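# Tertiary structure, described
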Number of protein chains: 2
Amino acid sequence: MNLCSYLKMKKHILVVPGDGIGQEVTAVGKKVLEKIAEKFGHEFTYDEALIGHAAIEAAGNPLPDETLEKMRASDAVLFGAVGHPKYDNDPSAKVRPEQGLLKMRKELGLYANLRPIKLFDELLSASSIKPEILRGSDILFFRELTGDIYFGEKGRENDGDTAYDIARYSTYEVERIARKAFDAAMTRGKKLMSVDKANVLETSRLWREVVQRVAKEYPEVTVEHQFVDSAAMLLIKDPRRFDVVVTANLFGDILTDEASQIAGSMGMLASASIGDGTGVYEPIHGSAHDITGMGLANPMASVLSAALLLDISFGLKEESDAIINAVDLVLKSGVRTRDIADADTPKDKILGTDATGEALLSYL
Amino acid sequence: MNLCSYLKMKKHILVVPGDGIGQEVTAVGKKVLEKIAEKFGHEFTYDEALIGHAAIEAAGNPLPDETLEKMRASDAVLFGAVGHPKYDNDPSAKVRPEQGLLKMRKELGLYANLRPIKLFDELLSASSIKPEILRGSDILFFRELTGDIYFGEKGRENDGDTAYDIARYSTYEVERIARKAFDAAMTRGKKLMSVDKANVLETSRLWREVVQRVAKEYPEVTVEHQFVDSAAMLLIKDPRRFDVVVTANLFGDILTDEASQIAGSMGMLASASIGDGTGVYEPIHGSAHDITGMGLANPMASVLSAALLLDISFGLKEESDAIINAVDLVLKSGVRTRDIADADTPKDKILGTDATGEALLSYL
Ligand SMILES: [Mg+2]
Ligand SMILES: [Mg+2]
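Let me sum up the structure you'll find in this document. (Residues numbered from 1 in each chain as written. Chains lettered and ligands numbered in written order. Predicted model: local features only at pLDDT ≥ 70, side-chain atom pairs only at ≥ 80, totals over all residues. Heavy atoms only, no water.)

### Some remarks on helix 2 (residues 22-40) of chain B
Residue and element names in this part refer to chain B. The condition is simple: A run of H or I in DSSP becomes a helix once it reaches four residues, and a run of E becomes a strand once it reaches two; helices and strands are each numbered from the N terminus. Helix span is expected to be 1.5 Å times the residue number reduced by one. The rule is simple: take the accessible area with a 1.4 Å probe, protein chains only, and divide by the maximum for that residue type; under 20% is buried, over 50% is exposed, in between is partly exposed.
Helix length check: helix 2, at 19 residues, gives a terminal C-alpha distance of 27 Å against a target of 27 Å (1.5 Å per residue), a fit within 8%. Those residues of helix 2 not exposed but buried are G22, E24, V25, T26, V28, G29, V32, L33, I36 and A37. Following helix 2 by one or two positions, G41 has its phi on the positive side, about 75 degrees.

### Details of the pattern of salt bridges
Applicable threshold: Salt bridge, as applied in this entry: a Lys or Arg side-chain nitrogen positioned within 4 Å of an Asp or Glu carboxyl oxygen.
Throughout the structure, instances matching the rule amount to 50 salt bridges over all chains. Its salt-bridge partner being A:D47, residue A:K70 comes within 3.3 Å of it at the nearest N-O pair. Taken together, the positions of A:K70 in helix 4 (residues 65-73) and A:D47 in strand 2 (residues 43-48) put the pair 23 residues apart, joining distant regions of the chain. Taking relative accessible area as the criterion, A:K70 reaches 22% and is therefore assigned partly exposed. Salt-bridge contacts for B:R208 lead to B:D196; the nearest nitrogen and oxygen are separated by 2.8 Å.

### What about the relation of the copies chain B and chain A?
Quick note on the threshold: The copies were overlaid with a least-squares fit restricted to C-alpha atoms from residues scoring a pLDDT of at least 70 in each copy. The criterion used for residue contact is that any of the two residues' heavy atoms lie within 4.5 Å.
Of the transformation placing chain B onto chain A, the axial shift is 0.0 Å and the rotation is 180 degrees, giving an RMSD of 0.0 Å. The transformation relating the two chain copies, once decomposed into turn and shift, fits a two-fold axis. Interface overlap between copies is the fraction of interface residues in one copy that are interface residues in the other; for chain B against chain A it reaches 100%, indicating a shared surface.

### Points about the interface of chain B and chain A
Quick note on the threshold: Accessible area, probed at 1.4 Å, shrinks when two parts are joined; the buried area is that loss added up over both. Each polar contact in these results corresponds to two N or O atoms within 3.5 Å; when the atoms are within protein, one needs to be able to donate a hydrogen and the other to accept it, and residues that are neighboring in sequence are counted only if both atoms are side-chain atoms.
Contacts between chain B and chain A engage 59 residues on the former and 59 residues on the latter. Overall, the association of chain B and chain A removes approximately 5,400 Å² of surface from exposure, summing both partners, and the carbon and sulfur fraction of that is 58%. Across the contact surface, chain B and chain A share eight salt bridges. Across the contact surface, chain B and chain A share 30 residue pairs in polar contact (both at pLDDT 80 or more). Elements with a minimum of two residues in the side of chain B that touches chain A: helix 6 (97-107), helix 7 (131-134), strand 6 (154-157), strand 7 (162-170), helix 9 (202-215), helix 10 (228-237) and helix 11 (249-260) of chain B. Broken down by element, the residue count for the side of chain B that touches chain A peaks at nine residues, all from strand 7 of chain B.

### Section: the coordination of the magnesium ion (ligand 1)
Inclusion rule: Donor atoms: N, O and S within 2.8 Å of the metal, or within 3.2 Å for Na, K and Ca. Because water is excluded, sites can look incomplete.
Distances from the magnesium ion (ligand 1) to its protein donors, A:D253 (OD), A:D257 (OD) and B:D229 (OD), fall at 1.9 to 2.7 Å. Taken as a pair, A:D257 in helix 11 (residues 249-260) and B:D229 in helix 10 lie in two separate chains rather than in one. As far as burial versus exposure is concerned, A:D257 and B:D229 are alike and both buried.

### Concerning the sheet that holds strand 7 of chain B
Put simply, the test is: Only strands that DSSP links by at least two bridges are regarded as paired with each other. Each axis is a line fitted through C-alpha atoms, taken for helices only over the stretch in contact, and angles between the N-to-C directions span 0 to 180 degrees.
The strand order across the open sheet built from four strands is 6(A)-7(A)-7(B)-6(B), with neighbouring strands paired in antiparallel fashion. At either end of the open sheet lies a strand with only one pairing partner, and these are strand 6 (154-157) of chain A together with strand 6 of chain B. Recorded for the sheet is a direction-independent mean angle of 25 degrees between the axes of neighbouring strands. Sheet topology note: the strand 6 of chain A/strand 7 (residues 162-170) of chain A ladder contains four bridges and is antiparallel. Residue pairing across strands places A:E157 opposite A:T162, the latter belonging to strand 7 of chain A.

### So, the sheet that holds strand 1 (residues 10-18) of chain A
Residues and elements named next belong to chain A. What the ten strands build is an open sheet, ordered 2-1-3-12-11-4-5-10-8-9; its pairing is mixed. Looking along the sheet, the strands with just one partner apiece sit at the ends: strand 2 and strand 9 (222-227). Pairs of neighbouring strands in the sheet enclose a mean axial angle of 25 degrees, with direction left out of account. Sheet analysis places strand 3 (residues 76-81) next to strand 12 (residues 279-283), joined by three bridges and oriented parallel. The residue bridging L78 from the neighbouring strand is Y281, located in strand 12. Running over the sheet, helix 12 (residues 300-312) touches strand 1, strand 2, strand 3, strand 4 (112-118), strand 11 (270-274) and strand 12 and is turned about 40 degrees from strand 11.

Set out below in structure tokens:
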């Protein structure tokens, strides 16, 4: 066996576009993976499956068993987005697209959501935050994904007059994500911020106790505890203060969306959801039904999700970096999608989803 | 009875400095109230009471009965801040300063926290957000204060291995704050944003249903529903999109702190906590033990809290505006406290707490 055939990797990737612009952006993400396979001599096979509103329409279930089986059988999942505006205006709907997402996370044991907030120099001015505040920011969020108020019992009392939701965290849930975050901190700046609301919530007090305990295993890492309201403020005031951040499900949901503005746009941010089995890689943007089917969506978050997939699930660091470099070169060439264009962007440099994808492929 | 004696108001104000810089800043707030009383011919009497860590130290109770009685007997409360870092590092402490704050809100029925985010032109550049994004922003938050996960049952299960917190909202709680927010929207831009997480939480679905129902009583008001993670992002991306915002306790806690960065500093923001009895007026900043006793704290939020007190609890709009105008004139004179100074601020214009207070008094 020569070196080339040794390095050649056979992997099966499941593409799950979901709803709205999920279709358009994962199509570009998949093309980039195909080009990487061709260029680096890997053999990637693909399948596709339904989730969210699309799955409700087709099968009456936001996460059909068939989708779940295909996910379990694949080496990694390239995911799009779920959601449909018709449910937003119908708060009483029993079957909802987001249930598919939550069930997938639970079934695959995806307890950690990694969200790198990386800044491309070309986009520093795209943010509403001043470039001099932003420059050099590099944050890696670890958001807990399978616990908290998102998965506790919820319901109505008093003839529907009172609603409740139960937040719950157990020691092992905090421990396992804290370890992943500390491990990452050791490979980065050896700084970790844990975000909670320990001055009010019991779940947060447990969270802080466990993080403090795990911290003893990592004496080299400097640990800072912040309340979530303070962290929401500091993210704008001083983003460079953040390096690795570990936080609960709800707080992570809010803070990572807020942090997306540091990068100028949701359209540039990838995420990884990992646990003990198949990892799922997806943009942090939603289904964006306002621009669905118009060919305007920014595919770079899906492409960067493909890069994360190669890095984390397949250990293909060089291939991953090639994609990130292609994104950087496309941006340096002046190409922008509408969401990251500004007043200085020439009209002919504002491209749609497919043309941006072609530009990316040309740099691979 | 001549006009002057008719307009002369007799009011009793309770000053509750609390912890940390609460002492220093409410001292300035009180001086401003004294000057206003003298200038406009009102008769304000004052008393003082303990809360938070200070009250724990003195009486073993973060909200002594005596404090509560004095609050009920007063016409308005000028409040400082509560909190002490020793509890942050002791998550298991049973008696905590913040319990005093929570109990006060519950006992006085303070169900609505109003937080105006007003920008002083002079401070546009103090924010880390670009001035062109900020200019013209004017937001009024209504944060629900007595329900949600802050007041539900909380505790441990499985020998302390699992922690839980229960979030709960009843229809009447949402209704009464929604009405206050809609009333305010009618006197402003007739725009209201309701923030929830109705795609995941049952309490949020109740929240949205009730807001949609109350909205029918205000057909002139344009209502927008946003998820909390999206709102956290939009606050940075497009603050002018916000006018009146109504949201639950936890989401309001996070979003209003984030929004404080729009105003350049926590040190400039006042808040009112109102219900059916005595109203409480306080800065949104915390006890800031890192600068306590150093004479560096910005007293302007306490002074603007005094202005809100005069406006909302006493209906003294002219007196309130006189204070806001004095703050504006102090800023125009170039005076800054450390927290709102920038690289262009001459050193001799950076004043401490008391000197800033003297400057404010000179413009009244
Ligand atoms: Mg989110
Ligand atoms: Mg807060």
